Amino acid sequence: MPLSPIDWIILILYFLISAGISVLYIRKARRSVSDFFLGARAMPWWLGGLSLAATTFAVDTPLAVTELTRSQGIAGNWLWWNMLLGGTLTTFFFARLWHRANILTDIELIALRYSGKAVIFLRGIKAFYFGFLINLLILAWVNLAMASVLEGGLGLAPPQALGGVAFLMIFTALYTLFSGLGGVMANDALQFVLAMVGSILLAYYVLKDPAIGGIENLVQKLNSSGVLNFFPTLSTENLVLEPVAQLSWGAFIAYMVVQWWASWYPGAEPGGGGYVAQRIMATPNEQQAWASALLFQFLHYAIRPWPWILVALATLILYPNAGAEEAKKTFVYAMRDYLPAGALGLMLVAFFSAYMSTISTHLNWGSSYIVNDLIAPWIANKPLSERQLLRIGQWLTIGMGVLSLLITPLLSSLKEAWMLVIESGAGIGLVLIARWYWWRVNVWSEIVAMIVPPLCYLLRQGIATLYFGGNNTLPFWLQFPTAFFATVAITTGAWVLVTFLTPVTSPKQLQEFYSKVQPLGFWGPFSHHLLREEIKILVQLFATYIMASLWLYTWVLGIGYLLLGFYTQLSYCLVLWLISGIALGLLFSKVEKKILQRQAKAKG
């Protein structure tokens with residue numbers, strides 16, 4: 001679909017404003033490595049929350065939500081809605097701790113928390129694996145998604161689409177190079193707003209089309225199909241327009257009970273980590289640290305997905321014959337077929353914003369790992385100056401962007417590698433949580449937790465290929481969620497066993513870590529506090545976490561019920577929202593007071 005003059009004006013204005021924002025942060029980003037990678041630790045909480053919401057608004061996210069909703073109905077979104085439980089855990093249990101650690105990257109925690117020769121090995125391996133290999137794979141994946149949007153939305157040929165992606169990548173890499181995290185976060189805030197405006201506009205124009213006739217008609221046409229169920233159902237009734245596989249209770253339980261704390265996934269690491277920890281550590285104090293994390297959960301889960309879900313539901317009627325391979329592309333088809341001039345330009349800006357916010361974060365965050373956790377520790381005998389490390393970080397920003405463009409055309413052959421990445425995170429979550437709350441966890445605990453999941457995955461794939469031909473009729477113990485539960489159990493058992501079989505972390509190291517971070521939990525040999533007092537605060541903090549999770553879920557479900565006109569369910573949500581909100585306020589004020597008293601006692 002050709003762009004109109006108004007579309008071009010909108011696009012040009014967007015790039016000019018984005019460049020202007022970056023110019024404002026150039027001088028601040030040049031002062032030190034900390035300024036470049038953490039925005040001088042002076043980023044306000046609201047900017048941190050908006051930045052994280054923009055970063056996770058990747059260009060492929062609305063396409064993935066469309067595919068989930070078309071194949072499993074609204075309930076299929078519990079595949080990622082379950083991660084709210086992990087995000088809220090990060091908000092109340094870990095945001096303060098990340099901020100107190102006063103480190104540059106989350107991987108640097110390894111050097112602060114553990115001792116022994118294996119520390120530099122684990123730190124370097126994680127920096128290379130996550131900061132380079134996984135980061136490049138994610139960047140290339142997002143490049144490919146952006147190319148598919150340009151092909152489907154504008155009708156560009158694949159070479160032209162890749163050329164467009166190359167322009168966006170270079171533009172983003174340059175403003176990331178010059179402005180550092182401060183410029184990235186400021187651009188993120190604008191990009192999130194524009195991305196949401198574009199998504200809402202698309203939902204508006206799609207729903208007003210005569211083929212849909214508004215939300216009421218949409219609900220009437222789909223209500224008997226099961227696709228509008230918010231929770232799993234035992235019904236086997238299929239959608240009249242296209243068969244929809246209902247989300248099983250087994251999968252739902254796996255998501256809600258185990259996956260959110262047991263699995264590592266970029267942007268949803270148990271206990272925080274990655275660019276989530278980066279944004280938390282970029283805030284000026286502990287209160288703003290947890291506030292930024294809480295705002296992120298609200299925007300990410302409650303506000304952002306509903307325009308996409310509405311569009312996805314509409315595509316079931318607008319494109320009933322789209323097969324499984326085309327499911328996610330129907331979102332782009334709707335953009336191409338139903339947006340008028342001007343609105344199309346805004347929607348393209350929304351996709352560009354989603355792409356650029358994700359790319360800029362991954363370039364800056366990945367570079368921070370390589371500089372701070374791979375290069376600096378290995379040359380400790382001949383340390384580089386701040387300016388030299390800063391220059392390396394800037395060159396890495398450009399280098400990773402260019403390299404991701406080169407591997408993007410090969411990505412279709414890397415799907416198995418991506419599956420390995422996802423499966424390799426199963427089971428590692430508990431050790432990432434326990435290292436903050438149990439003094440006995442050591443460097444070998446974390447090493448084993450990293451090694452066992454990919455071995456389980458490779459073993460499972462080998463058995464499936466050798467004995468069952470890798471087909472879809474695998475026995476239940478090789479399928480999700482049974483295989484997932486097994487990997488989590490094996491991984492947890494392995495790292496706990498190794499914890500007791502290997503030497504403890506140096507008492508001096510543990511004492512320094514405890515004195516600096518002041519974690520709650522089981523730190524008996526090093527704690528200045530009574531265990532019963534620690535447990536009491538933990539119980540109250542856990543109750544606060546439960547109420548916060550319930551309150552946030554009432555937002556997620558309540559907005560959906562309101563939009564679709566399910567007013568009976570909405571009334572139940574409002575009651576739960578009120579009860580959980582009041583309980584959250586009372587519990588949080590109480591536990592906040594105790595945490596501040598505990599800190600004052602430790603300092604005294």
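Residues numbered from 1 in each chain as written. Predicted model: local features only at pLDDT ≥ 70, side-chain atom pairs only at ≥ 80, totals over all residues. Heavy atoms only, no water.

**Q** Just checking my understanding: could you explain the overall build of the chain for this structure?
**A** When its secondary structure is counted, the chain shows 25 helices and 0 strands. Over its C-alpha trace the chain gives a radius of gyration of 24 Å, about what one expects of a compact globule, namely 25 Å for 604 residues. Across the chain, the fraction of contacts at a sequence separation of at least 24, relative to all contacts at a separation of at least 6, is 82%. Element-wise, carbon and sulfur atoms account for 70% of the exposed surface of the chain, whose accessible area totals about 24,200 Å². (Helix = DSSP H or I, 4+ residues; strand = E, 2+ residues; numbered from the N terminus. Rg over C-alpha atoms; globule rule 2.2 N^0.38 Å. Contact = heavy atoms within 4.5 Å. Areas by Shrake-Rupley, 256 points an atom, 1.4 Å probe, with all protein chains shown as cover.)

**Q** Just checking my understanding: could you explain the side chain of Glu286 for this structure?
**A** Of note, Glu286 is situated in helix α14 (residues 286–303). Looking at Glu286, its side chain comes within polar contact range of the side chain of Arg100, at 2.9 Å. (Polar contact = N/O pair within 3.5 Å; in protein donor to acceptor, adjacent residues only side chain to side chain.)

**Q** I keep staring at the packing of aromatic side chains and nothing clicks. Help me out?
**A** Ring pairs (aromatic) are described by centroid distance and by the angle formed between their planes. Summed over all chains, the structure comprises 43 aromatic pairs. Summarising the aromatic geometry, the rings of Phe93 and Phe94 are spaced 6.5 Å apart at their centres and angled 45° between planes, so their arrangement reads as tilted. Across this residue pair, the class does not change: Phe93 and Phe94 are buried. Ring pairs connect the aromatic residues Phe93, Phe94, Trp98, Trp260, Trp436, Tyr437, Phe513, Tyr514, Trp523, Phe542 and Tyr545, which therefore count as one cluster. Positioned above the aromatic ring of Phe513 is the side chain of Arg113, whose terminal nitrogen or guanidinium carbon lies 5.7 Å from the ring centre. (Phe/Tyr/Trp six-rings, centres within 6.5 Å; stacked < 30°, edge-to-face > 60°. Buried < 20%, exposed > 50% of the residue type's maximum accessible area, 1.4 Å probe, protein only. Lys NZ or Arg CZ within 6 Å of the ring centre and 35° of its normal.)

**Q** Help me understand empty space enclosed by the protein, please; the structure alone is not making it clear to me.
**A** In this approach, a probe sized like a water molecule rolls over the atoms, and the result shows the empty space that is left. Summed over the entire model, instances satisfying the criterion amount to 5 cavities of 30 Å³ or more. Empty space within the largest cavity amounts to approximately 160 Å³. For the largest cavity, the lining is made up of 17 residues, of which Asp106, Lys126, Phe130, Trp264 and Leu432 are closest to its centre. If you list the elements that add at least two residues to the lining of the largest cavity, you get α9 (118–154), α17 (343–378) and α20 (429–437). Size it by volume and the second largest cavity reaches roughly 110 Å³. Lining the second largest cavity, in full, are Phe92, Phe93, Arg96, Leu97, Arg100, Tyr437, Gln518, Pro519, Leu520, Leu541, Ile595 and Arg598. (1 Å grid on protein atoms, 1.4 Å probe; cavity = no way out; pocket = protein on both sides within 12 Å on 5 of 7 lines; lining within 4 Å. Points joined across faces, edges and corners; volume = space filled by probe spheres on them.)

**Q** Got a minute to help me understand the packing of helix α15 (residues 305–318) against helix α16 (residues 330–338) in this structure?
**A** Helix-helix packing: each pair is described by the crossing angle between the helix axes and the interaxial distance. Two elements in contact, α15 and α16, have axes separated by 9 Å at closest approach and are oriented at 80°. Taken together, the axes of α15 and α16 are roughly perpendicular relative to one another. Here α15 contributes Trp308, Val311, Thr315 and Leu318 to the contact with α16, which in turn contributes Thr330, Phe331, Ala334 and Tyr338. In the contact of α15 with α16, the residues fall into 6 nonpolar, 2 polar and no charged. (Axes fitted to C-alpha atoms, helices over the stretch in contact; angles between N-to-C directions. Parallel < 35°, antiparallel > 145°, perpendicular 65-115°, else oblique. Nonpolar A, V, L, I, M, F, W, Y, C, P; charged D, E, K, R; others polar.)

**Q** Would you explain unusual backbone geometry in this entry?
**A** Trans is the common state for peptide bonds, and a negative phi is the common state for residues other than glycine. At Arg41, a residue that is not glycine, the phi angle is positive and equals roughly 55°. Judged by its relative accessible area of 23%, Arg41 is partly exposed.

**Q** I would appreciate a short explanation of α17 in the present structure.
**A** One turn of an α-helix holds 3.6 residues; hence residues three or four places apart share an orientation. With 36 residues, α17 should reach 52 Å at 1.5 Å per residue; the first-to-last C-alpha distance of 52 Å fits that figure. Of all the 36 residues making up α17, 31 are buried; the element is thus mostly covered by neighbouring parts of the structure. (Expected span 1.5 Å × (residues − 1).)

**Q** Would you explain the nonpolar core in this entry?
**A** A general feature of soluble globular proteins is that nonpolar side chains tend to end up buried together. Core analysis: the biggest nonpolar cluster contains 190 residues, and Met146, Leu313, Met335 and Tyr355 have the highest contact counts within it. It is helix α10 (residues 158–208) that provides the largest number of residues to this core, a total of 18 residues. Counting 5 residues, the second largest nonpolar core, distinct from the first, contains Val258, Ala262, Ala426 and Phe484. (Core = buried A, V, L, I, M, F, W, Y, C linked by side-chain atoms within 4.5 Å.)

**Q** Any chance you could explain the pattern of salt bridges here in plain terms?
**A** Where side chains of opposite charge bring their charged atoms close, a pairing between them can arise. All chains considered together, the criterion is met by 10 salt bridges. The residue Asp373 makes a salt bridge to Arg123 at a minimum N-O spacing of 2.7 Å. In this pair, Asp373 sits in helix α17 while Arg123 sits in helix α9, placing the two residues 250 residues apart along the sequence. Between Glu534 and Arg598 there is a salt bridge, with its nearest N and O atoms 2.8 Å apart. Of this pair, Glu534 sits in helix α24 (residues 531–564) while Arg598 sits in helix α25 (residues 567–603), and the two are 64 residues apart along the sequence. When salt bridges with common partners are traced through the structure, they connect Arg96, Arg100, Glu286 and Glu592 into a single cluster. (Salt bridge = Lys/Arg side-chain N within 4 Å of Asp/Glu carboxyl O.)

**Q** Can you walk me through the side chain of Arg440 in this structure?
**A** Tracing the backbone through its elements, the reader meets Arg440 in the loop between α20 and α21 (443–468). Despite being buried, Arg440 has no salt bridge partner; Glu446 is the closest side chain of opposite charge, sitting 13 Å away. (Lys, Arg positive; Asp, Glu negative; His and termini not counted.)

**Q** How should I be thinking about the environment of Leu24 in this particular structure?
**A** As for its placement among the helices and strands, Leu24 is situated in helix α1 (residues 5–24). Taking C-alpha positions, Leu24 is 39 Å from Lys593, a pair spaced 569 residues apart along the chain.

These figures come from the coordinates and say nothing about function on their own.
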